[in-house]
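Survey of secondary and tertiary structure
These are the residues of each chain, in order.
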Amino acid sequence: MVDIEKANQQAVERMMDARPVVVGVAPAIDVIPGMHKDLLLHAGPPVTWERMAGPMKGAMVGALIWEGRAKNWDEAEALLSSGKIKFEPCHEHSAVGPMAGVISPSMMVYIVENKTHGNRAYSGLNEGRGKVLRMGAYSEDVLARLTWMNEVLGPVSHKALEAMGGLDLRTLLGKALHMGDDGHNRLDAASILYTTQMAPWIAKVAKDSDTAAEVIRFLGENALSILNQVMAGCKTMADAAHGIEGSTIVTVMARNGTDFGIRVSGLGDRWFTGPAGKVKALYFPGFTEKDANPDIGDSTITETAGIGGFAMAAAPAIVTFISGTPQDAIKTTLDMYEITYTEHKHFTIPYLNFRGTPTGIDIRKVIEKNVLPRVNTGVAHKDPGIGQVGAGVVTPPQNIFEDALVAFAEKYGF
């Protein structure tokens, strides 16, 4: 008989002991396992072109135009629906992507290495908020920004990271949680800390002072400049906990804008999926719930690793962005203790007397307590080409935890 408690203890210990370090930036085709010139990666579980959400279709089309594989929507759509271009989940290639999460072969990606266990994960460079590719926008200015990021931001960041010997994400995140961040939707403090640590090295390695100033300004003005690195860091933590026989701990939560999917440590690489939900959100001026696409993105890897919505008590200011009160933020974190296996050793919450964040979602507890994980997230417009329209909170569909528990019982003979 499998020892579930022992397996879960091992899984959460590996998740918490992981020490992700940002070590460099490189073209996706050079570093992401299995990446090739005819492959686009996307957020969430597998999805066909026909079932793909509007913002993900927009990001796919934009990526092909940016890669020089198509001149417009019609050419890109013909290529994407022909079967010549393959698309697969980021999570199946040790990668993660926010919102649509599209990564094309030529795009620069951050390389994050877990120094404790040796595994790596990858994520693209963050474009900022609003009209961006990850939200489905692909206009000329969006693609021009991508080119600058690939040709300037990426190479300069790589040289800086190499010169400084890498950047320790676990230490930075622990400090940011004490400065009012949740580690997902609010990363103001973490992005400032990242820019502060990077700036001297950027000044040292950039080809001239104008380039250094341009890169530092871009990072400093983007309150999400560290989101993608954090996501890749959380991916290394969750992957370290994956594949432990008998464990009921969730190691992936991800959405593609159509489906919400999870994976469980003791159930291999099988996806359990259900319909992606509508986000309870505050909308930008001019937009309403009718404009919103259902929940989308791999950024739920942060909640999977014990931060984000699970650490909302650390970030009372976030409630002004996602609707609610500081008491709601504290209640959310307290609720998440009900469905997790342990409290994090390195991520703590000052307002809860430095209690560790709820860590290690246990599918048994989700069903037993009838409490679903809470997620902080952005909201993309349902149509391609527009971008972000708001931000809020959302929960996964309950059936995916029920299905996973049934599969667990079948596999292990309960």
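Definitions and cut-offs
Residues numbered from 1 in each chain as written. Predicted model: local features only at pLDDT ≥ 70, side-chain atom pairs only at ≥ 80, totals over all residues. Heavy atoms only, no water. Helix = DSSP H or I, 4+ residues; strand = E, 2+ residues; numbered from the N terminus. Buried < 20%, exposed > 50% of the residue type's maximum accessible area, 1.4 Å probe, protein only. Contact = heavy atoms within 4.5 Å. Pairing = 2+ DSSP bridges. Axes fitted to C-alpha atoms, helices over the stretch in contact; angles between N-to-C directions. Phe/Tyr/Trp six-rings, centres within 6.5 Å; stacked < 30°, edge-to-face > 60°. Salt bridge = Lys/Arg side-chain N within 4 Å of Asp/Glu carboxyl O. Domains from an automatic or database assignment. Buried area = accessible area lost by both parts, 1.4 Å probe.

The name an unreviewed UniProt entry assigns to the protein chain is DUF1116 domain-containing protein, from the organism Anaerolinea thermophila.

Below, the discussion takes up unusual backbone geometry. Its identity as a non-glycine residue notwithstanding, Asn353 has a phi of 55°, on the positive side. Its place among the elements puts Asn353 in the loop between β12 (340–349) and β13 (355–361). Residue class for Asn353 comes out exposed when judged on its relative accessible area of 69%. A positive phi angle, near 55°, is found at Asn370, a position not held by glycine. With respect to the secondary-structure elements, Asn370 resides in the loop between α13 (363–369) and β14 (375–380).

Time to look at the side chain of Thr211. With respect to the helices, strands and loops of the structure, Thr211 is situated in helix α8 (residues 209–221). What Thr211 contacts, discounting residues up to four positions off in sequence, is Val152, Val156 and Ala206.

Another aspect to go through is the pairing of strand β15 (residues 388–394). With respect to burial, β15 is a largely interior element, seven of its seven residues being buried. Direction of pairing for strand β10 (residues 280–283) relative to β15: antiparallel, over a ladder of four bridges. Bridge pairing in β15 links Tyr283 to Gly390.

Here the focus is the sheet that holds β15. Sheet architecture is open: three strands sit in the order β10-β15-β14, paired in antiparallel fashion. Looking at the sheet topology across the chains shown, the edges are occupied by β10 and β14. Taking each pair of neighbouring strands and ignoring which way they run, the sheet shows an average axis angle of 25°.

By convention here, two paired aromatic rings are described through the distance between centres and the angle between planes. Applying the stated criterion across every chain yields a total of four aromatic pairs. Ring centres 6.0 Å apart and planes at 35° place the aromatic pair Trp73 and Tyr138 in the tilted group. Placement of the pair is Trp73 in helix α4 (residues 73–82) and Tyr138 in the loop between β5 (120–124) and α5 (140–164), with a sequence separation of 65 residues. Taking the centre distance of 4.5 Å and the plane angle of 40° together, the rings of Phe408 and Tyr412 count as tilted. Of this pair, Phe408 and Tyr412 both sit in helix α14 (residues 399–412), four residues apart, which is roughly one turn of the helix. The residues Phe408 and Tyr412 share a single accessibility class, namely buried. Aromatic rings pair up to connect Phe408, Tyr412 and Phe414 into one cluster.

Before going further, it helps to examine the pattern of salt bridges. Tallied over the full model, the rule gives 21 salt bridges. A salt bridge links Lys345 to Glu13; the nearest nitrogen and oxygen atoms lie 3.1 Å apart. One end of the pair, Lys345, is in strand β12; the other, Glu13, is in helix α1 (residues 4–17), with 332 residues separating them in the sequence. Judged by its relative accessible area of 27%, Glu13 falls in the partly exposed class. Its salt-bridge partner being Glu92, residue Arg263 comes within 3.7 Å of it at the nearest N-O pair. A residue pair is termed long-range when its members are at least 10 positions apart, and Arg263 in strand β8 (residues 259–264) and Glu92 in the loop between β3 (86–89) and β4 (108–114) qualify at 171 residues. Given the relative accessible area of 7%, Arg263 is considered buried.

To continue, consider the domain arrangement of the protein chain. A common measure of how large an interface is: the accessible area buried when the components associate. In terms of domain boundaries, the protein chain breaks down into domain 1 (19–230) and domain 2 (242–412). Placing a centre on the C-alpha atoms of domain 1 and another on those of domain 2 gives a separation of 21 Å. Contacts between the two partners involve 43 residues from domain 1 and, on the opposite side, 54 residues from domain 2. Interface of domain 1 and domain 2: buried area, both sides summed, is about 3500 Å²; carbon and sulfur atoms make up 64% of it. At the surface where domain 1 touches domain 2, the tally comes to two salt bridges. Note that Arg51 is salt-bridged to Asp259, the shortest N-O span being 2.9 Å.

Turning to its location among the elements, Asp362 is positioned in the loop between β13 and α13. If we skip the residues at most four places from it in the chain, Asp362 touches Asn8, Thr248, Ile249, Ile339, Thr340 and Tyr341.

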